[in-house]
Amino acid sequence: MRSNRFTEAIWALFRIVIGLLFALHGASTVFGIFGGNRGSGHAAAVGTWPGWYAGVIQLVCGLLVLVGLLTVPAAVLASGSMAYAYFTVHQPHGLLPLENGGDAPALFCWAFLAIAVVGAGPWSVDGLRRARGTAAAYPATDSGPTVQV
């Protein structure tokens, strides 16, 4: 992949914006703010399946991705939850996202998959931990072992 001097900054902004938007969806479901669960003005009832659990996943994973902490596992969980949401909630109403209202879950699913594959990048808590050498057990975006010749 070709990179330039803005690549790290743009990737950090992408990760932050996706995490923030996802966390806001979760906050609306869990706490009933920003219009509430599905625009009802209320929070989802605690423990209801799948709504409340989806909201918790959105809130927690969104915040983790936003700050770049445990980014890869959080992004994998977020991507999987959006794939589940798309295929169980939206896809039965039509084949394409434009037909079934599943644009947001599809976009979130693919965005989080990209974040899971690429990692948080250097402008993140994971990047800081890796730079300090404290994240050796969590090699999110290591390119593999270095061979010296």
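Residue numbers here run from 1 along each chain, matching the order of that chain's written sequence. For a predicted model such as this one, the threshold for reporting local features is a pLDDT of at least 70, and the threshold for listing and counting side-chain atom pairs is 80 or more; totals across whole chains, interfaces and linings nevertheless cover every residue. Side-chain calculation: all heavy atoms of the structure are included, whereas hydrogens and water are not.

Another aspect to go through is the overall build of the protein chain. Helix and strand definitions follow DSSP, with helices as H or I runs of at least four residues and strands as E runs of at least two, each counted in order from the N terminus. Within the protein chain, the regular secondary structure consists of six helices and zero strands. When its helices and strands are written in sequence order, the protein chain yields α-α-α-α-α-α. A 1.4 Å probe rolled over the protein chains alone gives each residue an accessible area, and that area as a share of the maximum for its type sets the label: buried under 20%, exposed over 50%, partly exposed in between. Counting over 149 residues, the protein chain shows a buried share of 37%. Note on contacts: a residue pair is in contact if any heavy atoms of the two residues lie within 4.5 Å. Excluding contacts between residues fewer than 6 apart, the proportion of contacts in the protein chain whose partners are at least 24 apart in sequence is 59%. Using a 1.4 Å probe, the Shrake-Rupley method yields the accessible areas, and only the shown protein chains count as cover for residues. Summing over all exposed atoms, the protein chain offers an accessible surface of approximately 9,200 Å²; the carbon and sulfur share of this is 69%.

Definition used in this section: a nonpolar core is a set of buried Ala, Val, Leu, Ile, Met, Phe, Trp, Tyr and Cys residues joined via side-chain atoms within 4.5 Å. Membership of the largest hydrophobic core comes to 16 residues, with the highest contact counts inside it found for Phe-22, Phe-112 and Ile-115. Listing elements by their share of this core, those giving two or more residues are helix H1 (7–31), helix H2 (51–67), helix H3 (71–90) and helix H5 (103–118). Looking at which element gives the most residues to this core, the answer is H5, with six residues. For Phe-22, the residues in contact, after removing those within four places along its chain, are Ile-57, Gln-58, Leu-59, Cys-61, Gly-62, Ala-78, Ser-81, Met-82, Phe-108 and Phe-112.

As for its placement among the helices and strands, Asp-126 is situated in helix H6 (residues 125–132). A distance of 3.0 Å separates a polar side-chain atom of Asp-126 from the backbone nitrogen of Leu-70. N or O atoms within 3.5 Å of each other form a polar contact, as long as, within protein, one can give a hydrogen and the other can take it, and as long as residues adjacent in sequence are counted only when both atoms are side-chain atoms.

The working definition used for a salt bridge is a side-chain nitrogen of Lys or Arg within 4 Å of a carboxyl oxygen of Asp or Glu. Under the counting rule described, the total for this entry stands at one salt bridge. Note that Arg-129 is salt-bridged to Asp-126, the shortest N-O span being 3.9 Å. A residue pair is termed a helical-turn pair when its members lie 3 or 4 positions apart in one helix, as Arg-129 and Asp-126 do in helix H6 at three residues. The class for Arg-129 is partly exposed, based on a relative accessible area of 27%.

The aromatic pairing rule takes the rings of Phe, Tyr and Trp, using the six-membered ring of Trp, and pairs them if the centres are within 6.5 Å, calling planes under 30 degrees apart stacked, those over 60 edge-to-face and the rest tilted. Under the criterion given, the structure shown has eight aromatic pairs. Ring geometry for Trp-49 against Tyr-84: centres 6.2 Å apart, planes inclined by 55 degrees, an arrangement best described as tilted. Here the residue Trp-49 occupies a position in the loop between H1 and H2, and Tyr-84 occupies one in helix H3, the gap between them amounting to 35 residues. On the basis of an interplanar angle of 20 degrees and a centroid distance of 6.0 Å, the ring pair of Phe-108 and Phe-112 is categorised as stacked. Residue Phe-108 and its partner Phe-112 are located together in helix H5, separated by four residues, close to a single helical turn.

Before going further, it helps to examine the side chain of Thr-71. Structurally, the position occupied by Thr-71 is in helix H3. Within the structure, Thr-71 has its side chain in polar contact with the side chain of Asp-126 (distance 2.9 Å).

Tracing the sequence through the fold places Val-60 in helix H2. Look at Val-60 and you get partly exposed, because its relative accessible area is 42%. Sequence-wise, Val-60 and Gly-26 are 34 residues apart; in three dimensions their C-alpha atoms are separated by 7.9 Å.

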